[in-house]
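Results of the structural survey
Below are the chains, spelled out letter by letter.
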Amino acid sequence: MSEKNVSHIKWMKRAIFLASLGKNTTSPNPRVGAVILDKNGNLISEGFHFKAGMPHAEAMAFSNLKKDAKGGSMYVNLEPCCHQGKTPPCVDKIISSGIRKVYISIQDPDKRVSGKGIQRLKDAGIKVHLGICKKESLDLNKSFIHRNITEKSFGVFKWAMSIDGRIGLRNGKSKWITNEESRALVHAFRAEFDAIIIGGNTLRKDNPFLTTRGLKTPEPLRVVFTKTLDLPLKANLWDCNKAKTIVIYDSSTANENYLARIPKCVDLEKVSSDNPELISKILAKRGCNKVLWECGPKLATSAMRSNCIQEIITFIAPKILGGEYSMNPFGDFEFKEMNEIIKLTDSKFSLIGNDICVKSSFQN
Ligand SMILES: NC(=O)c1ccc[n+]([C@@H]2O[C@H](COP(=O)([O-])OP(=O)(O)OC[C@H]3O[C@@H](n4cnc5c(N)ncnc54)[C@H](OP(=O)(O)O)[C@@H]3O)[C@@H](O)[C@H]2O)c1
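Residues numbered from 1 in each chain as written. Predicted model: local features only at pLDDT ≥ 70, side-chain atom pairs only at ≥ 80, totals over all residues. Heavy atoms only, no water.

Remarks on unusual backbone geometry
Spelled out, the test is: A run of H or I in DSSP becomes a helix once it reaches four residues, and a run of E becomes a strand once it reaches two; helices and strands are each numbered from the N terminus. Note on exposure labels: buried denotes an accessible area under 20% of the residue type's maximum, exposed denotes more than 50%, and partly exposed covers the range between, all computed with a 1.4 Å probe on protein chains only.
Of note, the bond from Ser27 into Pro28 is cis; its omega dihedral lies within 30 degrees of zero at 10 degrees. Note on placement: Pro28 falls in the loop between α1 (3-20) and β1 (33-37). Here the residue pair Lys175 and Trp176 is connected by a cis peptide bond, since its omega of -10 degrees sits within 30 degrees of zero. Residue position: Trp176 is located in the loop between β6 (154-162) and α7 (180-190). The phi dihedral of Arg213 is positive, around 60 degrees, even though this residue is not glycine. Tracing the backbone shows Arg213 in the loop between α8 (200-206) and β8 (221-226). For Arg213, a relative accessible area of 45% translates into the label partly exposed. In this structure, Asn307 takes a positive phi of about 60 degrees despite not being glycine. Tracing the backbone through its elements, the reader meets Asn307 in the loop between α10 (297-305) and β12 (311-317).

Thoughts on the domain arrangement of the chain
Under the convention used in this document: Just so you know, the domain bounds were taken from an automatic or database domain assignment. A contact between two residues is defined here by any heavy atoms of the two lying within 4.5 Å. Here's the idea: put two parts together, see how much 1.4 Å probe accessible area each one loses, and the total over both is what we call buried area. Salt bridges are defined as contacts in which a side-chain nitrogen from Lys or Arg sits within 4 Å of a carboxyl oxygen from Asp or Glu. For the purposes of these results, a polar contact is taken to be a pair of N or O atoms within 3.5 Å, where, inside protein, one atom must be able to donate a hydrogen and its partner to accept one; residues adjacent in sequence count only when each atom of the pair is a side-chain atom. Three classes are used, and their members are as follows: Ala, Val, Leu, Ile, Met, Phe, Trp, Tyr, Cys and Pro are nonpolar, Asp, Glu, Lys and Arg are charged, and the others, Gly among them, are polar.
Split by domain assignment, the chain resolves into domain 1 (3-144) and domain 2 (151-361). The gap between the C-alpha centroids of domain 1 and domain 2 is 36 Å. Taken together, the contacts link nine residues of domain 1 with ten residues of domain 2. Of the roughly 850 Å² buried where domain 1 meets domain 2, counting both sides, 41% is carbon and sulfur surface. The three residues of domain 1 that bury the most area against domain 2 are Asn24, Ser27 and Ser143, which together make up 53% of that side's buried surface. Measuring nitrogen to oxygen at the nearest pair gives 2.6 Å for the salt bridge that ties Lys142 to Glu311. Applying the counting criterion to the domain 1 and domain 2 interface returns seven residue pairs in polar contact (both at pLDDT 80 or more). Its residues assigned to classes, the side of domain 1 that touches domain 2 shows two nonpolar, four polar and three charged.

The following block contains the structure:
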């Protein structure tokens, strides 16, 4: 690899690192970082996008400039925008700055930009190079890209099971399968998500809080999906001071008289069937790039079947729950042949005290 290529990779990696500083805060926007070099290749500014409504990475880098950018270059992990959103188009700022070269890692999947930002730069006589560190950039913004392409939120299913593959006793008791360290870790990685979804039965049985315990402000949106609306009068999710909650219900089966049990501060959305894809679409429309499914086996199986889940996080605890009728995570899948079974990919394993955490991808 030439010295020049090494240097391009170095600056793009710096832009990607800066972008990652907005990891838990940019949604519905992408994670973007920008680096500006002067005409001699010296670093003169950096920036990253922190939150929707706040300056884009490029704009922040321009406001941090230590000297004139004329004749210089910019490294940015996502195509600069060319539309007026909450903030002005970044391409205009780049063009008027006199920057001569722009290195972009990946094209923006947002239809308002997608290729048009690059074209505007080229039309202004700026040299544009696309594709440095493409894999890392795709990975960093995979939820944003997924939502833009599919109009559904990127779904991660998380569950905890015993060493004998049980997620709870027959009577529904499941507290606690994993150790304290694993549970604290779950609170921390909830912060990466825009919403957390459960089904009505998990609400009735576990009465969870579904918060990061203050690690993220505002807390992720809490979502309950129900076919019956037979939800309790008192529930931790009804405390809207902790976090926002939304109940999504299937109006073809629900008893709407039960709506009276739900406090006014909770949002309601009616859907026409029990297809979990409808939740994914509603949440995508609300700007949720990445959502965590923390439901039990019935809703999890249904969500997997309707392509709402792209990654799976499994906690395995060295405990035996036993029992023929104890709950198992995907009991509703009844595969008959080995070529029908679901194969997960890219698994990464870590030890959390004496529990094991496995993160895998699921390609539909
Ligand atoms: N170990 C773990 O990781 C873990 C995680 C979560 C839950 N759990 C356990 O799992 C049990 C609950 O399991 P569950 O499977 O009944 O989970 P769930 O998360 O409550 O999902 C099922 C409920 O979701 C609603 N729903 C809406 N659309 C659906 C659809 N298309 N398919 C299925 N359900 C739909 C229904 O609510 P309505 O009945 O209100 O209509 C249904 O009863 C609890 O005992 C809980 O402790 C364990």
